Amino acid sequence: NIMPRAGAGVHLDEDAFHETQAWIEAITGGSLNDDGGFEEALRDGRRLCMLVNTIKPGAIKKVYDGKIPFKVMENLSKFN
């Protein structure tokens, strides 16, 4: 099963999940499965930043492209 984990009591609609994954892949131009699957591909925020910058060019000026946890959080903090 490639669906991401849900917290207790959270129901994930499988059709909506697949539709969302297909939309992200169409916008960003690459398979999330190539990057470890839905959850892993979005975990560091790079793909999310790419998605936003594709929709609105230049919206996110600096995207960290590494594995250092506190730097990865900088990518994710752009969505707070």
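Not measured: the values here are computed from a predicted model.

(A) Layout of the packing of aromatic side chains. Following the criterion strictly, the structure yields one aromatic pair and no others. Where F17 meets F38, the ring centres are 4.9 Å apart and the plane angle is 65°; that geometry is what we call edge-to-face. A residue pair is termed long-range when its members are at least 10 positions apart, and F17 in helix 1 (residues 14-28) and F38 in helix 2 (residues 38-43) qualify at 21 residues. Of the two residues, F17 and F38, neither departs from the other in class, the shared state being buried.

(B) Summary view of the nonpolar core. Listed in full, the seven residues of the largest apolar core are F17, I24, L32, F38, A41, L42 and L51. Counting only elements with at least two residues in this core, the list comes to helix 1 and helix 2. With three residues, the single largest contributor to this core is helix 2. In contact with L32, not counting residues within four places along its chain, are Q21, I24, E25, G37, F38, A41, L42 and R47.

(C) Highlighting the layout of surface pockets. Of the volumes computed, that of the largest pocket is approximately 310 Å³. Every residue lining the largest pocket is listed: D35, E40, A41, R43, D44, R46, R47, M50, V63, K67, P69 and V72. Secondary structure elements with two or more residues in the lining of the largest pocket: helix 2, helix 3 (46-55) and helix 4 (69-77). Here the lining of the largest pocket is composed, by residue class, of five nonpolar, no polar and seven charged.

(D) Quick peek at the pattern of salt bridges. Inspection of the entire model under this criterion finds six salt bridges. We note a salt bridge from E39 to R43, for which the minimum N-O separation is 3.2 Å. Residue E39 and its partner R43 are both found in helix 2; the two are separated by four residues, about one turn of the helix. The shortest N-O distance in the salt bridge between D65 and R46 comes to 2.2 Å. With D65 in the loop between helix 3 and helix 4 and R46 in helix 3, the pair connects residues that are 19 residues apart, well separated along the chain. Shared partners join several salt bridges into a network, and the residues in it are E39, E40 and R43.

Parameters at a glance
- Residues numbered from 1 in each chain as written.
- Predicted model: local features only at pLDDT ≥ 70, side-chain atom pairs only at ≥ 80, totals over all residues.
- Heavy atoms only, no water.
- Phe/Tyr/Trp six-rings, centres within 6.5 Å; stacked < 30°, edge-to-face > 60°.
- Helix = DSSP H or I, 4+ residues; strand = E, 2+ residues; numbered from the N terminus.
- Buried < 20%, exposed > 50% of the residue type's maximum accessible area, 1.4 Å probe, protein only.
- Core = buried A, V, L, I, M, F, W, Y, C linked by side-chain atoms within 4.5 Å.
- Contact = heavy atoms within 4.5 Å.
- 1 Å grid on protein atoms, 1.4 Å probe; cavity = no way out; pocket = protein on both sides within 12 Å on 5 of 7 lines; lining within 4 Å.
- Points joined across faces, edges and corners; volume = space filled by probe spheres on them.
- Nonpolar A, V, L, I, M, F, W, Y, C, P; charged D, E, K, R; others polar.
- Salt bridge = Lys/Arg side-chain N within 4 Å of Asp/Glu carboxyl O.

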